[in-house]
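Structure at a glance
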Amino acid sequence: TRSGDDGKTNLGTKDRLSKSHLRIETLGTLDELNSSLGLVLAHGPANQAITLALKQVQQDLFDAGGELCPPHRQAITAEKIARLDLHITEWNASLPPLKEFILPGGNLKAASCHLARTICRRAERCLVALHESEAVNSDVLRYLNRLSDLLFIAARMLARETGSKEELWEHSRPLS
């Protein structure tokens, strides 16, 4: 459309924001997160619960983006956070407890999910920075925080689909 050639964009209003504005950075990072979840899903997780949950999260992320655009309707609610909490509790119960940090990886599905988790953390940091300068629905902050937990657990489950062993961080390993 060429309307952004000047480095500005609009959010459905006549007002134009710089593409470097924190609100635009946050929206772009949410979009990147959503795309990374599409990558996880494209690898075809065998676990139907993960597939369904991630597809719902993709819908939720569009809702979250909508909250950051005028007219700023609240779409992320305590109920959506509770749904993530339920998945976290159920999925985590199927995994052995962690005694060390694990290295991201395992297989393509798990590694893609770890990448989505780190993008989620960046989206959360962007949203916190935006919230420090403008009012943002605190449920969106809580949602992203829970989502990164969910993605970590999902990555562990996806690694197990192919029998991949979790690589533990060797913190006491001498430098060479």
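Our subject in this report is the structure included herewith. (Residues numbered from 1 in each chain as written. Predicted model: local features only at pLDDT ≥ 70, side-chain atom pairs only at ≥ 80, totals over all residues. Heavy atoms only, no water.)

Topic: the environment of Ala93
Short version of the rule: Put simply, DSSP H or I for four residues or longer makes a helix, DSSP E for two residues or longer makes a strand, and each gets a number counted from the N terminus. We call a residue buried when its accessible area falls under 20% of the maximum for its residue type, exposed when it is over 50%, and partly exposed in between, using a 1.4 Å probe and counting protein chains only.
The topology assignment puts Ala93 in helix α3 (residues 78–93). Residue Ala93 is classed as exposed on the basis of its relative accessible area, which comes to 64%.

A word on the environment of Ala53
Where we set the bar: Contacts were defined at the residue level, with two residues in contact if any of their heavy atoms lie within 4.5 Å.
Inspection of the secondary structure assignment puts Ala53 in helix α2 (residues 48–67). Residues Ala53 and Leu158, 105 residues apart in the sequence, show an inter-C-alpha distance of 13 Å. Sequence-distant contacts of Ala53, that is, excluding residues within four places in its chain, are made with His87 and Trp91.

As for a nonpolar patch on the surface
The cut-off we apply is this: For patch building, the residue pool is restricted to those with more than 30% relative accessible area and no salt bridge; the joining distance is 9 Å between like charges and 5 Å between nonpolar side chains (Val, Leu, Ile, Met, Phe, Trp, Tyr). The method behind every accessible area is Shrake-Rupley, applied with a 1.4 Å probe, and residues are considered shielded solely by the protein chains displayed. We define a salt bridge as a side-chain nitrogen of Lys or Arg found within 4 Å of a carboxyl oxygen belonging to Asp or Glu.
On the surface, Phe101, Leu103 and Trp169 cluster together into a nonpolar patch covering about 350 Å² of accessible area. Turning to its location among the elements, Phe101 is positioned in the loop between α3 and α4 (108–133). Its relative accessible area of 59% is what places Phe101 among the exposed residues.

Some remarks on the nonpolar core
Test applied: Nonpolar cores were defined as sets of buried Ala, Val, Leu, Ile, Met, Phe, Trp, Tyr and Cys residues, with membership established by side-chain atoms within 4.5 Å.
Membership of the largest hydrophobic core comes to 44 residues, with the highest contact counts inside it found for Leu33, Leu144, Leu147 and Leu151. Mapped onto this core, the elements with two or more residues apiece are α1 (22–42), α2, α3, α4 and α5 (138–161). When residues of this core are assigned to their parent elements, the largest contribution, 13 residues, is made by α5. Those residues in contact with Leu151 that sit more than four places away from it in its chain are Leu33, Leu37, Leu54, Cys113, Ala116, Arg117 and Cys120.

A short note on α3
Note the cut-off: In a helix, the anticipated span is given by 1.5 Å times the number of residues less one. Note that the arc is computed from the directions linking the helix axis to the C-beta atoms.
For α3, which comprises 16 residues, the first-to-last C-alpha distance of 22 Å matches the rise-based estimate of 22 Å (1.5 Å per residue) to within 8%. Those residues of α3 lying buried are Lys80, Ile81, Leu84, His87, Ile88 and Trp91. One side of α3 holds all its buried residues, which, seen down the axis, span an arc of 120°. Away from the buried face of α3 by more than 90 degrees, exposed residues Glu79, Thr89 and Ala93 are located. Tucked inside the fold, the buried residues of α3 contact α2 and α5.

Points about the pattern of salt bridges
Opposite charge on two side chains permits them to pair, given that their charged atoms come into close proximity. Applying the stated rule across the entire model yields 11 salt bridges. With a closest N to O distance of 2.2 Å, Glu134 and Arg23 form a salt bridge. A residue pair is termed long-range when its members are at least 10 positions apart, and Glu134 in the loop between α4 and α5 and Arg23 in helix α1 qualify at 111 residues. The exposure class assigned to Arg23 is buried, which follows from its relative accessible area of 8%. The salt bridge partner of Asp60 is Arg83, with a shortest N-O separation of 2.1 Å. Residue Asp60 is found in helix α2, and its partner Arg83 is found in helix α3; the two are separated by 23 residues along the sequence. A residue is classified by how much of its surface remains accessible, and Asp60, at 0% relative accessible area, is buried. Residue class for Arg83 comes out partly exposed when judged on its relative accessible area of 24%. Through salt bridges that share partners, Asp60, Asp63, Lys80 and Arg83 make up one connected network.

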